[in-house]
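Overview (structure and organization)
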Amino acid sequence: MEHFIEVAGATIDTRNFINGERVATGDTFANHSPIDGTFLGDFHQAGETEVNAAVEAARAAFPAWAAMGPAKRGELLHKLADLVEANIETLAMIETMDNGSLLRSHIRGVMPRVAMNIRFFADWAINKLHHPAFETRGHSNNISWDPSGVVALITPWNAPLMLATWKIGPALAAGDTVVLKPAEWTPLSASFFADLTVQAGIPAGVFNVVNGLGRVTGMPLVSHPGISRISFTGSVPTAKVIAKAAADNLTPLSFELGGKSPIIVLGDADLDLAAELAVEQYDNAGQVCLSGTRVLVHEDVADEFAEKFRAKVATLKQGDPRNLSTDIGPQIHPVHFERIKGFVDRAKGEGIEVLWGGEPNGDLGGLFFKPTLFKNPPVGSEIVTSEIFGPVLTMQTFRTDEELIAMANGTEFGLAACLVSGNREHADHVTSQLVAGTIWVNCFFVRDLSAPFGGSRKSGIGREGGTWSFDFYADVKNTVVSPNGWKE
Ligand code: ADP
């Protein structure tokens, strides 16, 4: 079997990356591009043996990496970020080939953010990870964030390298070593990134990548007694399986799961702004956990808003994500495409009105699904309660704030909310009652790496970002020092 594939001019190693070396296995899984179904290559699937080897390598590398301290680690991590920046175009293109997201977004936003994920947390560990000592009856409390060991990172396919480095950055900066299992639909960028860690001089074993299906590769990793943390971004059903596996070893978890977030348009909202923000919910072909997929609009402005929203949607250009003028690319995989289509077909079967879309894009074929809006689905219907993870939104109207808040909070999720209002007091009144990890008022997707990020209810466990990331990846320690007993 070949060990290398050429994608968009880059050479990608299809083997696992363990202890600084490439490891082939007898087992493989195939990878195709969602853009046109092109076969990209077979990847070597890691089983229990390779996962154990990766955890052992990370354990062996841990003491020296932990002892290096934040400043020296920071130098290496900045070199790694430099290398990401030097390879933005290549990383952007391989990620687009692999997951079908827009090349434009990868070049302008996502890949620069990958570099930032690494730099930011390296610097935070050096400069910001301090808590002033405080006194208890003359004793001083001294807080430190100690490296915790080997962290297992399980990541999804919708923003592969962005979401992986959002975890890798703080984990490595904290002095932990890493075993990453990327999503099996998108293994390319993590493999390329592994080569960059070698070029940056990150010591062997500090960063490892094992590839394969969740139950084959992910399961032995999250069940391993030698890991100190699991950080997972993915679906609720998988989170439950991982939590059960982690329970045997009491491994601490951080989960960032799905959402069914509302985008709320109050009666006093600027409707042009509301339409602008609403159309953004189709970004990444709707494959964004934070998407506001439930449009909740005051009945007095619903028709005017819907027309403005329709006009914006009409300008969206769907097509090849490598084309810089494309706004919506394909869905990730035939399995996922069929899942989305199933939700839409069932909703249509129930007689729910389709305002636009509601079907695959027949002109483009393949995995392209038209941006879709359902109008006034009944409260509690599947299309308003289940996460679809596609370009499918619903629009419901409300009369009073009480009605709105009940609807907004009426799912099992609590990841995010977007609110459009022209009145600060009114906006405060509503946001204070919403259940969500992040709320955007008159804006969307403004994400500072120092802000806490995570979900309430079934949308997650814990928060990452800034010091919250280190609170999770590190062992937070309090050393209480008495004023008594000193001989000097
Ligand atoms: P999705 O349904 O969006 O593909 P998943 O939650 O199934 O999301 O997948 C997210 C990540 O979790 C992927 O890397 C996947 O391989 C991994 N995964 C799936 N099942 C398991 C499992 N049993 N143990 C560990 N990881 C898993």
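What you are looking at is a predicted structure, and each value in this text was computed from that prediction instead of being measured.

Across its full length, the chain carries 14 helices and 24 strands. Its C-alpha radius of gyration of 23 Å places the chain within 12% of the 23 Å reference for a compact globule of 488 residues. Once the C-alpha set of the chain is aligned to its principal axes, its extents read approximately 75 × 65 × 40 Å. Per-residue burial over the chain gives 52% buried out of 488 residues. Of the contacts formed within the chain by residues at least 6 apart in sequence, a portion of 71% connects residues at least 24 apart.

One open sheet accounts for seven strands, arranged S16-S17-S18-S15-S14-S20-S21; its pairing is mixed. The two strands at the open ends of the sheet, each matched to only one other strand, are strand S16 (353–356) and strand S21 (438–441). Looking at each pair of strands side by side, their axes are set apart by 25 degrees on average, direction ignored. Pairing between strand S15 (residues 292–298) and strand S18 (residues 392–398): five bridges, direction parallel. Bridge assignment links Arg294 to a residue of S18, and that residue is Thr394.

Once that is clear, we can look at helix H14 (residues 466–473). Across the eight residues that make up H14, a large majority, six, are buried. Looking at H14, one finds that the buried residues are Gly466, Thr467, Ser469, Phe470, Phe472 and Tyr473.

By secondary structure assignment, the location of Gly410 is in the loop between helix H12 (401–408) and strand S19 (413–414). The partly exposed category is assigned to Gly410, around which 17 C-beta atoms lie within 10 Å. Through-space distance from the C-alpha of Gly410 to that of Pro262 is 9.9 Å; in sequence the pair is 148 residues apart.

It is worth spelling out the domain arrangement of the chain at this point. Bring the parts together and some accessible area is lost; that lost area is often taken as the interface size. Split by domain assignment, the chain resolves into domain 1 (4–257 + 459–479) and domain 2 (261–441). The interface is formed by 16 residues belonging to domain 1 together with 19 residues belonging to domain 2. Those elements giving two or more residues to the side of domain 1 that touches domain 2 turn out to be helix H2 (88–99) and helix H3 (103–128). A class-by-class count of the residues in the side of domain 1 that touches domain 2 yields six nonpolar, eight polar and two charged.

Bringing the site of the ligand into the picture now. Neighbouring the ligand are 17 residues; Gly214, Gly218, Gly234, Ser235 and Thr238 lie closest to it. Broken down by element, the shell around the ligand gets its largest block of residues, five residues, from helix H6 (residues 214–222). Broken down by class, the residue content of the shell around the ligand amounts to eight nonpolar, six polar and three charged.

Moving on, we get to the sheet that holds strand S24 (residues 474–481). An order of S7-S8-S24 is seen for the three strands of this open sheet, with the pairing classed as antiparallel. Edge positions in the sheet fall to strand S7 (134–136) and S24, since each of these pairs with one other strand and no more. Geometrically, the sheet is characterised by an average inter-axis angle of 35 degrees between neighbouring strands, direction not taken into account.

Turning our attention to H6. Burial in H6 covers these residues: Thr217, Gly218, Pro220, Leu221 and Val222. Contacts from the buried residues of H6 go to helix H1 (48–86), strand S9 (150–154), strand S10 (177–181), strand S12 (229–233) and helix H7 (236–247).

Position of Ala451 among the secondary structure elements: in the loop between S21 and strand S22 (456–457). Taking the C-beta count within 10 Å as the criterion, Ala451 has 14 such neighbours and is therefore assigned partly exposed. Through-space distance from the C-alpha of Ala451 to that of Ser223 is 30 Å; in sequence the pair is 228 residues apart.

With that settled, the discussion passes to unusual backbone geometry. Backbone geometry places Asn19, a non-glycine residue, at a positive phi of 55 degrees. For Asn19, the position within the fold is in the loop between strand S3 (16–18) and strand S4 (21–23). Since 17 C-beta atoms lie within 10 Å of it, Asn19 is described here as partly exposed. Of note in the backbone geometry, Leu250 takes a positive phi value of approximately 50 degrees without being a glycine. Relative to the assigned elements, Leu250 resides in the loop between H7 and strand S13 (253–256). Residue Leu250 is classed as exposed on the basis of its 8 C-beta neighbours within 10 Å.

Once that is clear, we can look at the environment of Thr177. Along the chain, Thr177 falls in strand S10. Look at Thr177 and you get buried, because 31 C-beta atoms sit within 10 Å. Once the C-alpha coordinates of Thr177 and Ser235 are considered, the two residues, 58 residues apart in sequence, prove to be 25 Å apart. Setting aside residues up to four positions removed in sequence, Thr177 forms contacts with Ala58, Ala61, Phe62, Trp65, Val150, Gly205 and Val206.

Rules and cut-offs
- Residues numbered from 1 in each chain as written.
- Predicted model: local features only at pLDDT ≥ 70, side-chain atom pairs only at ≥ 80, totals over all residues.
- Helix = DSSP H or I, 4+ residues; strand = E, 2+ residues; numbered from the N terminus.
- Rg over C-alpha atoms; globule rule 2.2 N^0.38 Å.
- Buried ≥ 20, exposed ≤ 12 C-beta atoms within 10 Å, placed from the backbone.
- Contact = placed C-beta atoms within 7 Å.
- Pairing = 2+ DSSP bridges.
- Axes fitted to C-alpha atoms, helices over the stretch in contact; angles between N-to-C directions.
- Domains from an automatic or database assignment.
- Nonpolar A, V, L, I, M, F, W, Y, C, P; charged D, E, K, R; others polar.
- Near = placed C-beta within 6 Å.

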